Amino acid sequence: LVLADIDHFKRINDRFGHAAGDQVIRAVAQVLKAQTPEHAMAARIGGEEFALLLPAASLQASQVLAEKVRQTVGASRIRRHGQTDTQTRVSLSLGVAGWKAGVNAAELIDRADRALYEAKNGGRDCVRLAT
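**Here we look at the side chain of Asn-13**
Logical step 1: Topologically, Asn-13 is positioned in helix α1 (residues 9-16).
Logical step 2: Here Asn-13 falls in the buried class, since its relative accessible area comes to 14%.
Logical step 3: Those residues in contact with Asn-13 that sit more than four places away from it in its chain are His-18 and Gly-21.

**As for the sheet that holds strand β1 (residues 2-6)**
Logical step 1: Taken in spatial order, the five strands line up as β2-β3-β1-β6-β7 in an open sheet, and their pairing is mixed. The open sheet terminates on both sides in strands that have one partner only, identified here as β2 (41-46) and β7 (127-129). Direction aside, the axes of adjacent strands within the sheet are offset by 20 degrees on average.
Logical step 2: Judged from the five bridges that link them, β1 and strand β6 (residues 92-96) form a sheet pairing that is antiparallel. Bridge pairing in β6 links Ala-4 to Leu-94.

**Considerations on the pattern of salt bridges**
Logical step 1: For the coordinates displayed, the defined rule picks out seven salt bridges.
Logical step 2: Asp-5 is paired through a salt bridge with Lys-120; the nearest N and O atoms lie 2.8 Å apart. Highlighted residues: Asp-5 in strand β1 and Lys-120 in helix α4 (residues 105-121), separated in sequence by 115 residues.
Logical step 3: Judged by its relative accessible area of 12%, Lys-120 falls in the buried class.
Logical step 4: The shortest N-O distance in the salt bridge between Arg-70 and Asp-125 comes to 2.9 Å. You can see Arg-70 sitting in helix α3 (residues 59-75) and its partner Asp-125 sitting in the loop between α4 and β7, a full 55 residues away along the chain.
Logical step 5: Note on Arg-70: relative accessible area 15%, which makes it buried.
Logical step 6: One network of salt bridges, in which partners are shared, links Glu-67, Arg-70, Arg-89 and Asp-125.

The rules behind these values
Residues numbered from 1 in each chain as written. Predicted model: local features only at pLDDT ≥ 70, side-chain atom pairs only at ≥ 80, totals over all residues. Heavy atoms only, no water. Helix = DSSP H or I, 4+ residues; strand = E, 2+ residues; numbered from the N terminus. Buried < 20%, exposed > 50% of the residue type's maximum accessible area, 1.4 Å probe, protein only. Contact = heavy atoms within 4.5 Å. Pairing = 2+ DSSP bridges. Axes fitted to C-alpha atoms, helices over the stretch in contact; angles between N-to-C directions. Salt bridge = Lys/Arg side-chain N within 4 Å of Asp/Glu carboxyl O.

Shown next, in the form of C-alpha cells:
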C-alpha cells in the first residue's frame, strides 16, 4: 500500500484559488493512473490524499514505483487554467507499507499513514517505508 499526499496543498488553494487546486488534483491523479500497473488500483481517498493498492508488488517494487510517481509529479509543471505563463510545481510525500501475515487492513493503512507522516515531517517531497 502506498499513500500519497500533495505537499502544501492548502497553500496552492490559498494562493491560486480552488479551481487551480482542483486542476492540481486532476494532474496528480493522471500521473497515478498512468503509473499504476495492471492488477493494481489508484484512488483518491480524500482531499489531496491518494492511495495505490499494489497486491502483486513486493515492498521494494512498491517503493520504486512510489519514487517514480514522486519524481514524475515533481518534474511536471501544472499550467493554471487560462494562464499560459504561470506554472505551478507540485510535490508529493509518500508512505509505503507492505502486507505481513497476520496484519489486517486497518493495521496496513495505519502503517502506511505513519510512513506518510514521516515523509511529511522529514521535509516532504520524499518516500518513506513503514517499519
